[in-house]
Amino acid sequence: MVAEKETLSLNKCPAKLPTRTKLLAQQPLPVHQPHSLVSEGFTVKAMMKNSVVRGPPSAGAFKERPTKPTAFRKFYERGDFPIALEHDSKGNKIAWKVSGDGIGSPELH
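Residues numbered from 1 in each chain as written. Predicted model: local features only at pLDDT ≥ 70, side-chain atom pairs only at ≥ 80, totals over all residues. Heavy atoms only, no water.

K.L.:
For the environment of L37, give the residues involved together with the corresponding values.
P.N.:
Along the chain, L37 turns up in strand 1 (residues 37-39). Taking relative accessible area as the criterion, L37 reaches 31% and is therefore assigned partly exposed. L37 sits 16 residues away from V53 along the chain, and the two C-alpha atoms are 8.3 Å apart. (Helix = DSSP H or I, 4+ residues; strand = E, 2+ residues; numbered from the N terminus. Buried < 20%, exposed > 50% of the residue type's maximum accessible area, 1.4 Å probe, protein only.)

K.L.:
Can you tell me about a nonpolar patch on the surface, naming the residues and giving the values?
P.N.:
A grouping of F72, Y76, L85, I94 and W96 is seen on the molecular surface, where their side chains present a nonpolar patch of about 560 Å² in accessible area. Elements with a contribution of two residues or more to the nonpolar patch: helix 2 (71-78) and strand 4 (91-96). Looking at where F72 falls in the secondary structure, it is placed in helix 2. Overall, the relative accessible area of 51% leaves F72 in the exposed class. (Patch = residues over 30% accessible without salt bridge, like charges linked within 9 Å, V, L, I, M, F, W, Y side chains within 5 Å. Areas by Shrake-Rupley, 256 points an atom, 1.4 Å probe, with all protein chains shown as cover. Salt bridge = Lys/Arg side-chain N within 4 Å of Asp/Glu carboxyl O.)

Right, dumping it as structure tokens:
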């Protein structure tokens, strides 16, 4: 009976009720590693407690590389080959500058 009287008295007096606080998302505590050991992966040192595994170096696959002029480009731009590209709505095709018998047509030269 005593417990019922105390709860009734708490409900009647709101000043005695405990105030609720909004719980904030807890941030993880910073981990202090005084003696951290930097090592490469797949080594014995990488399995130790205070070790930090270093990632692999950049391979440079997406790095822009300058193109070097090739001999084919030089000869094609100079017009040494008896072919040309024919731009069509279906795609690019090779157009021969010479006829089938080996004699070049004068209008294409």
